Amino acid sequence: MKIKDIIEIIESAAPLSFQEEWDNSGLQVCPFEDGVDHDLTKVLVSLDITEEVIDEAARKGCNLVLSHHPLIFRPLKSVSNSTMVQRCVIKAVQKGVAVYSAHTSLDNAHGGVNFKIASMLGLRNLRFLEASAENMTAGSGLYGTFKEHVPVREFLEKVKTVFGVDAVSWTGPEDKTIYSVVLCGGAGGFLLQKARKARVDCFLSGEISYHDFFDTGDMVVASIGHYQSEQFTAELIIDIVKAVAKDVVISKAESMSNPVKTLK
């Protein structure tokens, strides 16, 4: 199997055409003379690309790392040891590790990141909040409903449990019951007003700015942390690959961790 075969599997589920115009999903680093036609050894999957992830890939004999967040998000003006991104590029080339990232291409795909979150919460009747493709196979944000109304605090406790977080930041009526939810993994504040216009009971995301917690009407708004909302994306990517290439040796990076620490 070639590296390009794994990329084709990912892009069949999350085509690059689904990504936002500001994004940089796709091949990030390929250090081989024969490019993506290079023979695949093993695959490592991580939410982010760090020096530790590249080191782990090399140590485990993986010559391809699949990530959700792009390693190269802004154009590089130089390649030196001055930033983590540049050091990762150098290390990937030196250690013979290709890097591919499926960011908003996977966020916006049917069955993608938001569908994974909805599944974990038990939401049903799923549809895109804002469809971006004529055949409804891609879009931003996800609308879903529960089987029955749930008291707001019970809902928030469920979110805490499912995502393993110590706290949920939220605002809204204390006596609210939650039936309809719009969710967006990562930084979803850009969808807040669209969720409000959809008249849903709750908008849930990983990251929402302070000012967005004001003037939400009777809609509950909650955030759990960027990393926390997307921590299961690695498992999603593994499932996508294994569904097609069952014999591929693929694993989640042990060095994948939240860079934001909290003093309790």
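As a starting point, this report considers the structure included with it. Bear in mind that the values here come from a model prediction, so they are computed numbers and not experimental data.

Thresholds applied
- Residues numbered from 1 in each chain as written.
- Predicted model: local features only at pLDDT ≥ 70, side-chain atom pairs only at ≥ 80, totals over all residues.
- Heavy atoms only, no water.
- Pairing = 2+ DSSP bridges.
- Helix = DSSP H or I, 4+ residues; strand = E, 2+ residues; numbered from the N terminus.
- Axes fitted to C-alpha atoms, helices over the stretch in contact; angles between N-to-C directions.
- Core = buried A, V, L, I, M, F, W, Y, C linked by side-chain atoms within 4.5 Å.
- Buried < 20%, exposed > 50% of the residue type's maximum accessible area, 1.4 Å probe, protein only.
- Right-handed = clockwise from strand over helix to strand, strands pointing away.
- Polar contact = N/O pair within 3.5 Å; in protein donor to acceptor, adjacent residues only side chain to side chain.
- Contact = heavy atoms within 4.5 Å.

Comments concerning the sheet that holds strand E1 (residues 26-29)
The strand order E1-E4-E3-E2-E11 describes an open sheet built from 5 strands, whose pairing is mixed. Edge positions in the sheet fall to E1 and strand E11 (250-252), since each of these pairs with one other strand and no more. With direction set aside, neighbouring strand axes in the sheet form an average angle of 25°. Judged from the 3 bridges that link them, strand E2 (residues 43-46) and E11 form a sheet pairing that is parallel. Residue pairing across strands places Val43 opposite Ile250, the latter belonging to E11.

Some words on the nonpolar core
One finds Leu64, Leu66, Phe155 and Leu204 to be the most contacted residues of the largest nonpolar core, which totals 73 residues. Take this core: its biggest share by element is 6 residues, from helix H9 (residues 233-244). With 13 residues, the next largest nonpolar core counts Val182, Ala195, Val200 and Val221 among its residues.

Section: the pairing of strand E8 (residues 177-187)
Across the 11 residues that make up E8, a large majority, 8, are buried. Relative to E8, strand E6 (residues 139-151) is paired through 6 bridges, and the arrangement is antiparallel. Note on E8: the bridge partner recorded for Thr145 is Ser180. With 5 bridges joining them, E8 and strand E9 (residues 202-207) adopt parallel strand pairing. Considered in E9, the bridge of Val182 is made with Phe203. A crossover connection joins E8 to the parallel E9 through helix H7 (residues 192-197); in handedness this β-α-β unit is right-handed.

With respect to the side chain of Lys176
Its place among the elements puts Lys176 in the loop between strand E7 (169-171) and E8. In this structure the side chain of Lys176 is engaged in a polar contact, spanning 3.1 Å, whose partner is the backbone oxygen of Asp218. With sequence-adjacent residues up to four places away left out, Lys176 is seen in contact with Val150, Pro151, Val152, Asp201, Asp218 and Val220.

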